[in-house]
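Spelled out, the chains give:
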Amino acid sequence: MTGSIAVDRDGAVSVVTLSRPEDYNSFDETMMRELGEVLSDAAADDAVRGVVLTGAGRAFCAGGDLKYINGHERGPEGAFRLVAGAFHRAIMEIHGMKKPVVAAINGPAAGGGFSLAMAADFRVMGTSAVLKLGYLSAGLCIDGGGTHTLPRLVGIARAMEIAAFDEPIDAEKARDLGLVTTIVDDTRVVAEAVALARRVGSGPLFAFGAVKGLIYDAFDVPFEIQLERERDMIARSGAHPEGREGMAAFIEKRKPKFS
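Residues numbered from 1 in each chain as written. Predicted model: local features only at pLDDT ≥ 70, side-chain atom pairs only at ≥ 80, totals over all residues. Heavy atoms only, no water.

K.L.:
Quick question: what am I supposed to make of the sheet that holds strand β7 (residues 130-132) here?
P.N.:
Within a beta sheet, neighbouring strands are joined by backbone hydrogen bonds and run either parallel or antiparallel to one another. Read across the open sheet, the 3 strands follow the order β5-β7-β8; overall the sheet is mixed. The sheet is open, and its two edges are formed by β5 (109-110) and β8 (169-170), each paired on a single side. Bridge count between β7 and β8: 2 bridges; the pairing is antiparallel. When the bridges of β8 are listed, Val130 appears paired with Asp170. (Pairing = 2+ DSSP bridges. Helix = DSSP H or I, 4+ residues; strand = E, 2+ residues; numbered from the N terminus.)

Shown next as structure tokens:
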């Protein structure tokens, strides 16, 4: 437990919980700095093969703590620069992690909480949870990578609608839009997210990390460069112990052992 982040282990899965339930897990600079450090530790720990992000209490995350930001000694602009800077370092830890990161959306995810959930590789959402982008309603621009991830998930036109109209998105609509991987009963959100992280994490992590990086960068790389990157990574994965085991298992008609 750090100041506002709780970390538990469920086998090879690290469960990271935003822990300011009295404030719906809204965050300040310190909380996001702690989250970035926890995620960095998980990325470097070979015993961790997957990460689950969730929130304590009734919410996933209500985004940035606007009371903290509005009352900051540096004023709103200075406060936003500090908080967004720490927030974005945590987002980059998720983006660069060569392991599956699953958001367990156990309650409202709004503002930066929406962006944080969308930064994960997979999202499990409770039946009563709600997503709300929330920024424009507060006269604010989107941060946390939301302008990058959202249009890639739903397309540019739908992303503009979600941002501009800023309507709450329930679980069924979120699934229809492609924002979440699966919907489960509220009481099973974290357990389902852990199971998903374990399922992916028990596979070949070197190959998973390579595929994750290739997919996330594909929109920004010319096709011929992407092909060369794919060529390089399939060669490297084939030489990796996981690739050797996977190919041997295929040839021998048995289940591979990756972990």
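K.L.:
Hey, could you run me through the side chain of Asn106 in this one?
P.N.:
Along the chain, the position of Asn106 falls in the loop between β4 (101-105) and β5. A residue is classified by how much of its surface remains accessible, and Asn106, at 16% relative accessible area, is buried. Only 2.9 Å separates the side chain of Asn106 from the backbone oxygen of Gly55, close enough to count as a polar contact. The residues contacting Asn106, other than those within four sequence positions of it, are Thr54, Gly55, Gly57, Arg58, Ala59, Phe60, Ala129 and Val189. (Buried < 20%, exposed > 50% of the residue type's maximum accessible area, 1.4 Å probe, protein only. Polar contact = N/O pair within 3.5 Å; in protein donor to acceptor, adjacent residues only side chain to side chain. Contact = heavy atoms within 4.5 Å.)

K.L.:
Would you explain the pattern of salt bridges in this entry?
P.N.:
Side chains bearing opposite charge may pair, as long as their charged atoms lie close to each other. Applying the stated criterion to the full structure yields 18 salt bridges. A salt bridge links Asp45 to Arg9; its shortest N-O distance comes to 3.9 Å. Taken as a pair, Asp45 in the loop between α1 (29-44) and β3 (50-55) and Arg9 in strand β1 (residues 5-10) lie far apart in primary sequence, 36 residues in all. Among the residues examined, Arg9 registers a relative accessible area of 44% and is labelled partly exposed. Measuring nitrogen to oxygen at the nearest pair gives 2.9 Å for the salt bridge that ties Arg231 to Glu228. Of this pair, Arg231 and Glu228 both sit in helix α10 (residues 223-239), 3 residues apart, which is roughly one turn of that helix. Among the residues examined, Glu228 registers a relative accessible area of 41% and is labelled partly exposed. One network of salt bridges, with partners in common, ties together Arg20, Asp23 and Asp65. (Salt bridge = Lys/Arg side-chain N within 4 Å of Asp/Glu carboxyl O.)

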